[in-house]
Structures are given as structure tokens and as C-alpha cells.
Amino acid sequence: MSTVRVPGRGADQSVRGGAGAVHRAAHGPGRLRGPVAALAAIAVAAVLPFVVPGWVGLLVVVGVFFLVVLGLDLLTGLSGQVSLGQTLFMALGGYGAGLLTLRLHWPTALATVVMALVSALVAAGLGTTLLRLRGYYLALATLGLAVITESLASGLGDLTGGPSGLVAVPSLQLGGWTVFSDRANYYVLLVVCAAGAWFVAGIQRGGTGRALSAVAADTPAAAMLGIDTARYKTRAFVASAVFASVAGSLYTFYLRFISPDVIGVTVAFSVVIMLALGGSRTLVGPLLGALVLQGLPQAGQTFSRWEPLVAGIVLIVVMTYFPRGLWGTAKALARRRSTP
Amino acid sequence: MTGTLQIVVSGLVDGCVYALIALGMTLVYSISRVINLAQGGFVVLAALTAVSLQQHTGWAPLAVAAIVVVMFAAGLAVVDRIVVLPGARRATPDRMLLVTVGLLQAIGGFLLLVWGNLPYTMRPFPPGGTAVAAGVRINSQYIWIVGVLALSVATVWVLLHRTRLGLVMRATAGNPQAAELLGVDTDRIRLIAFSLSGAMAALAGTTVIPVTFLQFSTVTPYAVAGFIAAVAGGLGSKAGAVVGGLVLGLLQAVFSRYISSQLAEVVAIGALIALLLLRPSGMFGKVSEVRR
């Protein structure tokens, strides 16, 4: 393993081994820094609805997209496979859970879990075929999935309610608790997002993360080292699908409806934009990306007309000059300052 | 029978527009290895520019179209210098794709800002009106659309295969480093490729707008259709791009006759994904570029 050049976290740690050790020693016991930061972040997130009560609705949407982007981070950030088709799984989660609860009167939580499993199966099936393609061709195939998703959502009118969407979906029920208000939805999403972030962090640190990074860096070399590249890529795809599906279900239960616009091609693009903008291979990056892209339109009525133009220009500038995204660039700047 | 013919005609007309977009994309790709998704945005931008120019000056649509084509040929050279070239020097292909997604989004945003969210159309080119041949109604604008595609294909072919500049362009596409070593200014070749793609986007936009309605939200469908046509034909293959575009238009039209237009899109794209998996290089491409 030590002979493979693995970018990102792996390379950082191996190359900067000496400097990192010094760095850690200066900041006390390094093992505790991660958990402490995580607890602090959760504490801040938990009091946020009381600090900015008017913004809770926005925070719920940010949470939903954070979850989708977090899943995509495993696939695109870690294993280097571009997917423009995450809306397929958001739609499976959203429409699936909506239909199961509305037509068959299933419990909402059960519907969410079942649709997550269905999404995992679909991703496993698609992954084994699509992930053989690389680069532009994978991007095209997944973009095709996004287009198909939007078309099916508005085309299968009998099932999905057509362009006007599926309405009167019930709210999420957990035991006897109806998750109806913005604040209740926010706390549910906070728990789910924290669990998701914990899962992604674990993957990134562990052997699976190393293997996925190797696949991203050089697929043939990874295969030569005995990594079953196809299986690892498919696993990452399945995980990203489950994240997107759960996010889609929770979004539908929050909005209490779902329509083709909610899972359109534009949304598929914006999920990828969020990841690129915030910075992949981190946990904060996806959050930052979701916050910026969802927050921009809220900055004022007049500004909302400017939002698509500004978002486009920001994406161009970030992709061209700041390849690590906003958070990656900020981290690099901080590191340069602390190690002169 | 006439019904079927009518569908084939309208599908081929749509296909001509897709083919023009894909031809621009594939030309730029073969020189610069950049897939310019924003090509779909430039089509709509050119069309709406032509509409406004026509309304303000009252000039004939044909004259307006010519002006817009020149504007976009020059404009895309500028876009290459300001947006694409800095990105291509620094970014990996995956990130470059996102740069052009950003460009597409920015164009859509610009359209929303300047033209609002209303659909626009324009007076047709002369002579206008429709003719009926073998029971098929043919809008005279259809002839223009087909003619513009034929003209573009012929121009590109003559340029690439019958001129010295074309030889240099093909050399650059085949091996940029070797071309540079032989004294080719590859940046200049890039500019020429981008200018040509800009002219083609403007041709597509200005000739199609009399028979359809365009607005800011139509940039993505055009970009997606052009991208699909270019890849299905085989990236870098000009014949592939044209055939890919025509086939895509035809598939969409035929299927939307029998099932709804949304489901037609599903079938068309499904067929193209299947093609990609069975023959990953597209219809006219090389296998080695797709998988490893």
C-alpha cells in the first residue's frame, strides 16, 4: 500500500508525516480533535433554530441537500466517479415513500427504509453496468438517468400525478410523534445528517476509503494491487443512492408533496455544483456548498433573479482557480499560515 | 402513411438542430478535449439576441441572423480566452465539464435576467408559409434548417480535408504536442475551433426560433441533446455527431407519436445509454478512449 500514490487525505498524511506529527503535538491529543469538533458542530446546529428562527425552513432544505451531497462525496470525491444522476434516487425515495404512504397507507418511517433498500438495489444493478464507463461517458450516462427521471416523473401521470406532482403526502411519523413543523423536521434531519457524516468520516478514514482513493487515483494500479475496483465503485454508488433516497423521502414528507421540479435536471446539476463548490473529500465542504447554493436565493427578492447567473459564475471561478472548493481552499490557507 | 412521414420530417428537423449543436461540441472536443455543454446555451442566447435585434431594428430576419452568426463566431473566441482556456490549463477533464456546466448555468441566468421567463419566437426567413408535398406539410423554414446543417457540414468538411489550415487542425486534434513541436500555434487553432462552434450555435438558434419558442429554461434540453448526440456518434467524429443528432431527433419524434413525449425522451435516452454500453465508443468513435 505504501508504494501507491494516493491523493487527498492519504497523500497528505504520508507526505506530511513529520510536519503533521509536530502540528498535532502542538494542539494537544490529536485523537480527540475530531470528536470534539463534531460535538461542537452538533451543539451549534442544535441551538441554531433558536438563534435564527426565521431561517429554519431554509435550514431544513440545506439539511436535505447536505445529505445528498454527502453521499455523492463518497462516489465523486472519494472514488472519482462523476454522477449527474443523483436525482434518480431522490425521486425513488420521494415518490416511492409518497406513494407507499398515500396509496397503501404504510407507516412513513417504514416507507423511507424500504425505499432506501429499493434504491440500493437499483444502484447495485445500474452500478455494475454503468460504472464500467469512464470520464465523459459516465457523466453522460448518469445525466441520462437524470433526464429520464424528470421525464418519467411528469410522464407517468397516473402514478406520479404528472407535472403538478403528488400532493397531500402525510408528514413523517416517528412513534406517536408527527414531524410537522419546520423545527421538528430540522431536528430529524440533524440526527440523520450527523449519522450520515459519521458514516462518511468512518469510510474516509478506514480501509474502504483508502481503496476508493486508490481507484480514483489509478484504477488499473488499484486493480493490480488486488482491489476489486468494480465492486468498490458499485459499493460507493449504492451508498450514495441510499443517502439520496433517504434525503428524497424526508424532503417529500417535509414539503408534503413532490413534483418533477423537485427532482429535475437542474437539481441534479446543482447537487454536483454544491459538492464542487464546497469542496469534496471533506465533511464541511458539502455543508458549505449546500448552504451557499440554497442560501443565495434567500438573500433578497431582487437578488433571486440574479442567483442563477451568480451561481454559474461562482462555479466557473471555483472550478478554475480553487479546485479544492471553498472549504479546501480555506483549509489550505489556514495550514500555510500555521506552518510557516 | 402521411402521418408517419410528417413525424419523420419533424423529427429530422429537430435532429438537424441537435446535429448542429453536436457538431460544434465535437469539433471543439477534437481540438481542445473539452466538452462544451454551454453550446446549448449559446443556441438559445443567439436566438433571443436575434429576436431583440430584429424587433429593435426591423431588419429582415435573414440579415439579423447573419449579424448574430458573426457576433457569436467572435464571441466564442472571447469566451474561450476568458473562461475555457484558463480552466483547461488548470483543471482535469471532470472539472472542465463542471466549468462548462457553470457556463451553461450562467448563460441561463443571463437569459432570465435580460429576457425574463417568457418564451420568444421570430418571423420566419423568406419565403415563409408552408408547402404540401406528398401529403406532408413542410414549413419553408424547415428547408432553411436542413440547408444550414448541410452548409455547416460541407464547410467543415472542405475546411478540414481540402485546406492547409484544415490539415493543421487535424494534426492538432491527432497529437497536440507533436503539432506544437512542428511550429503550430495550437492556441490559435483552438480559437478557430471555438469560433466555428459559435457560428454553428448561432446558425442553429437563429434558424430554429421561427418554428419554436425558446426561453431561459430551454438551454438545458438543448445542451443535453447535443451532448448525447455527440457522445452517441462518438466524440470527435463529425459524421457521428450529425448522424447522432438526426437519430436522436427521429427517435424522439417517432416515440412521442405512440407514447407521450416525456416517455419518448425516456426511450430515446435509454436507447442511447444501451448503445453506449454495447458499443461504448458510439457509432463512429474509437473504443480505446472510453474504457480502460
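Quantities reported herein were computed from a predicted structural model and do not represent experimental measurements.

Draft legend 1. Expanded view of the UniProt feature "transmembrane region" (unreviewed entry) in chain B. Residue and element names in this part refer to chain B. The positions that UniProt labels "transmembrane region" (unreviewed entry) are, in the present scheme, residues 6-27, 34-53, 59-84, 96-116, 142-160, 191-216, 222-251 and 263-282. Along residues 34-53 one finds 75% helix and 0% strand; the C-alpha atoms at either end are 31 Å apart. The distance separating the terminal C-alpha atoms of residues 222-251 is 15 Å; by composition the span is 87% helix and 0% strand.

Draft legend 2. Structural detail: the interface of chain A and chain B. Across the contact, 43 residues belong to chain A and 48 residues belong to chain B. Of the roughly 4200 Å² buried between chain A and chain B on both sides combined, carbon and sulfur atoms contribute 74%. Interface area lost by chain A to chain B is led by A:Arg134, A:Tyr136 and A:Tyr137, which between them contribute 20%. At the boundary of chain A with chain B, the tally comes to zero salt bridges. Put simply, chain A and chain B have zero residue pairs in polar contact (both at pLDDT 80 or more) between them. For the side of chain A that touches chain B, the secondary structure elements donating two or more residues are helix 6 (108-130), helix 7 (136-155), helix 11 (219-224), helix 13 (265-278) and helix 15 (301-321) of chain A. Among the elements that line the side of chain A that touches chain B, the one with the most residues is helix 7 of chain A, at 14 residues.

Draft legend 3. Quick look at the packing of helix 10 (residues 238-258) of chain B against helix 11 (residues 261-278) of chain B. Residues and elements named next belong to chain B. It is at 8 Å that the axes of helix 10 and helix 11 come closest, and there the two elements cross at 140°. With respect to helix 11, the element helix 10 is oriented oblique. Two packed elements cross with a definite hand, and for helix 10 against helix 11 that hand is right-handed. Taking contact as the criterion, the partners of Leu248, Leu251, Gln252, Phe255 and Ser256 in helix 10 are, on helix 11, Ser261, Ala264, Glu265, Val267, Ala268, Ala271 and Leu272. Among the residues making up the contact of helix 10 with helix 11, the classes are represented as eight nonpolar, three polar and one charged.

Draft legend 4. Structural view of the pairing of strand 2 (residues 136-139) of chain B. Residues and elements named next belong to chain B. Looking at chain direction, strand 1 (residues 130-133) and strand 2 are connected through four bridges and run antiparallel. Across the sheet, residue Thr130 finds its bridge partner in strand 2, namely Asn139. Connecting strand 1 to the antiparallel partner strand 2 that follows it, the hairpin turn spans two residues, and Ala134 within it adopts a positive phi of roughly 55°.

Draft legend 5. Broad picture of the pattern of salt bridges. All names here are of chain A. Tallied over the full model, the rule gives three salt bridges over all chains. When the shortest N-O distance is used, the salt bridge between Asp228 and Arg231 registers 3.9 Å. Residue class for Asp228 comes out partly exposed when judged on its relative accessible area of 38%.

Draft legend 6. Representation of the packing of aromatic side chains. Across all of its chains, the model carries eight aromatic pairs over all chains by this definition. Aromatic pair B:Tyr18 and B:Tyr222: ring centres 6.5 Å apart, planes at 65°, arrangement edge-to-face. Of the two residues, B:Tyr18 is situated in helix 1 (residues 2-32) and B:Tyr222 in helix 9 (residues 219-233); the sequence distance between them amounts to 204 residues. Accessibility expressed as a relative area gives 12% for B:Tyr222, which makes it buried. Judged by centre distance (5.4 Å) and plane angle (80°), the ring pair of B:Phe125 and B:Trp144 falls under edge-to-face. Pair noted here: B:Phe125 is in the loop between helix 4 (93-115) and strand 1 and B:Trp144 is in helix 5 (residues 140-162), with a separation of 19 residues, a long-range link. Take B:Phe125: its relative accessible area is 2%, and that puts it in the buried class. Between A:Arg183 and the ring centre of A:Phe50, over which it is positioned, the NZ or CZ distance is 4.5 Å. Sitting over the face of the ring of A:Tyr232, A:Arg235 holds its NZ or CZ atom 5.2 Å from the ring centroid.

Calculation criteria
- Residues numbered from 1 in each chain as written.
- Chains lettered and ligands numbered in written order.
- Predicted model: local features only at pLDDT ≥ 70, side-chain atom pairs only at ≥ 80, totals over all residues.
- Heavy atoms only, no water.
- UniProt positions renumbered as here; feature names shortened; annotations may be inferred.
- Helix = DSSP H or I, 4+ residues; strand = E, 2+ residues; numbered from the N terminus.
- Contact = heavy atoms within 4.5 Å.
- Buried area = accessible area lost by both parts, 1.4 Å probe.
- Salt bridge = Lys/Arg side-chain N within 4 Å of Asp/Glu carboxyl O.
- Polar contact = N/O pair within 3.5 Å; in protein donor to acceptor, adjacent residues only side chain to side chain.
- Axes fitted to C-alpha atoms, helices over the stretch in contact; angles between N-to-C directions.
- Parallel < 35°, antiparallel > 145°, perpendicular 65-115°, else oblique.
- Left-handed = near helix turned anticlockwise from the far one by under 90°.
- Nonpolar A, V, L, I, M, F, W, Y, C, P; charged D, E, K, R; others polar.
- Pairing = 2+ DSSP bridges.
- Buried < 20%, exposed > 50% of the residue type's maximum accessible area, 1.4 Å probe, protein only.
- Phe/Tyr/Trp six-rings, centres within 6.5 Å; stacked < 30°, edge-to-face > 60°.
- Lys NZ or Arg CZ within 6 Å of the ring centre and 35° of its normal.

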